[in-house]
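What follows is the residue order along each chain.
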Amino acid sequence: MHRLVPEKLVTVITTDVLEQRLIAAVQHSGLSGYTLLRARGAGSDGLQSGNLEIDTNLLLKVILPPERLSGLLDDLDVLIGQGYHLTVFVADVEVLCHEKFERPMKT
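Residues numbered from 1 in each chain as written. Predicted model: local features only at pLDDT ≥ 70, side-chain atom pairs only at ≥ 80, totals over all residues. Heavy atoms only, no water.

**A short note on the overall build of the chain**
Move 1: Within the chain one finds 2 helices and 6 strands.
Move 2: Listed by position from the N terminus, the elements making up the chain come as β-α-β-β-β-β-α-β.
Move 3: Considering the chain as a whole, with its 107 residues, one finds that 34% of them fall into the buried category.
Move 4: In the chain, the proportion of contacts linking residues at least 24 apart, taken out of those at least 6 apart, comes to 77%.
Move 5: Carbon and sulfur atoms provide 54% of the accessible area of the chain, an area that totals close to 6,900 Å². (Helix = DSSP H or I, 4+ residues; strand = E, 2+ residues; numbered from the N terminus. Buried < 20%, exposed > 50% of the residue type's maximum accessible area, 1.4 Å probe, protein only. Contact = heavy atoms within 4.5 Å. Areas by Shrake-Rupley, 256 points an atom, 1.4 Å probe, with all protein chains shown as cover.)

Following this line, the structure appears as structure tokens:
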């Protein structure tokens, strides 16, 4: 049987204007890395087409140890407090090779 280790998965959907601030939040929290994708869809703020020239959203995914979750959420909460629209959700996940998520990101 595989040895799975519990971790947290944070997903953020927001405007592409925040790309560098999201990356800085991940780095500030000492996390191992992130996945960042262009996103499109519709919601209470209307249609987001994903057109690279206008109204582009981002989808950020980060897997992290539970003890580092609070620091990242604090940084995201600051952005929300500054008036930025972020959709943030956290899920419990289990991963193989959990050591990968314990090391800081190489820059």
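Anyway, onward from the coordinates.
**Focus on the pattern of salt bridges**
Move 1: Within the structure shown, the criterion is met by 2 salt bridges.
Move 2: Residue Arg-38 pairs with Glu-19 through a salt bridge whose shortest N-O separation is 3.6 Å. Of the two residues, Arg-38 is situated in strand β2 (residues 35-39) and Glu-19 in helix α1 (residues 19-28); the sequence distance between them amounts to 19 residues.
Move 3: On the basis of relative accessibility, which here comes to 46%, the residue Arg-38 falls in the partly exposed class. (Salt bridge = Lys/Arg side-chain N within 4 Å of Asp/Glu carboxyl O.)

**Let's talk about the sheet that holds strand β1 (residues 5-15)**
Move 1: Spatial strand order, β2-β5-β1-β6: 4 strands in an open sheet with antiparallel pairing. Two strands in the sheet have a free side with no partner beyond their single neighbour: β2 and β6 (86-95). Averaged over neighbouring strand pairs, the angle between their axes works out to 20° when direction is ignored.
Move 2: Taken strand by strand, α1 contacts β1, β2, β5 (57-64) and β6, and its axis lies near 5° from that of β5.
Move 3: In this fold helix α2 (residues 69-81) packs onto β1, β5 and β6, with an angle of close to 165° to the strand it touches most, β6. (Pairing = 2+ DSSP bridges. Axes fitted to C-alpha atoms, helices over the stretch in contact; angles between N-to-C directions.)

**Here's the deal with α2**
Move 1: Between its terminal C-alpha atoms α2 stretches 18 Å, which fits the 18 Å expected from 13 residues at 1.5 Å a residue.
Move 2: Inspection of α2 places Leu-69, Leu-72, Leu-76 and Leu-79 among the buried residues, and these make up the whole buried set. Viewed end-on, α2 has its buried residues packed into an arc of 90°, placing them on one side of the element. More than 90 degrees from the buried face of α2, the exposed residues found are Asp-77 and Gly-81.
Move 3: Each element contacted by the buried residues of α2 is listed here: β1, α1, β5 and β6.
Move 4: Just downstream of α2 lies Gly-83, where phi reads positive at about 95°. (Expected span 1.5 Å × (residues − 1). Arc of directions from axis to C-beta.)

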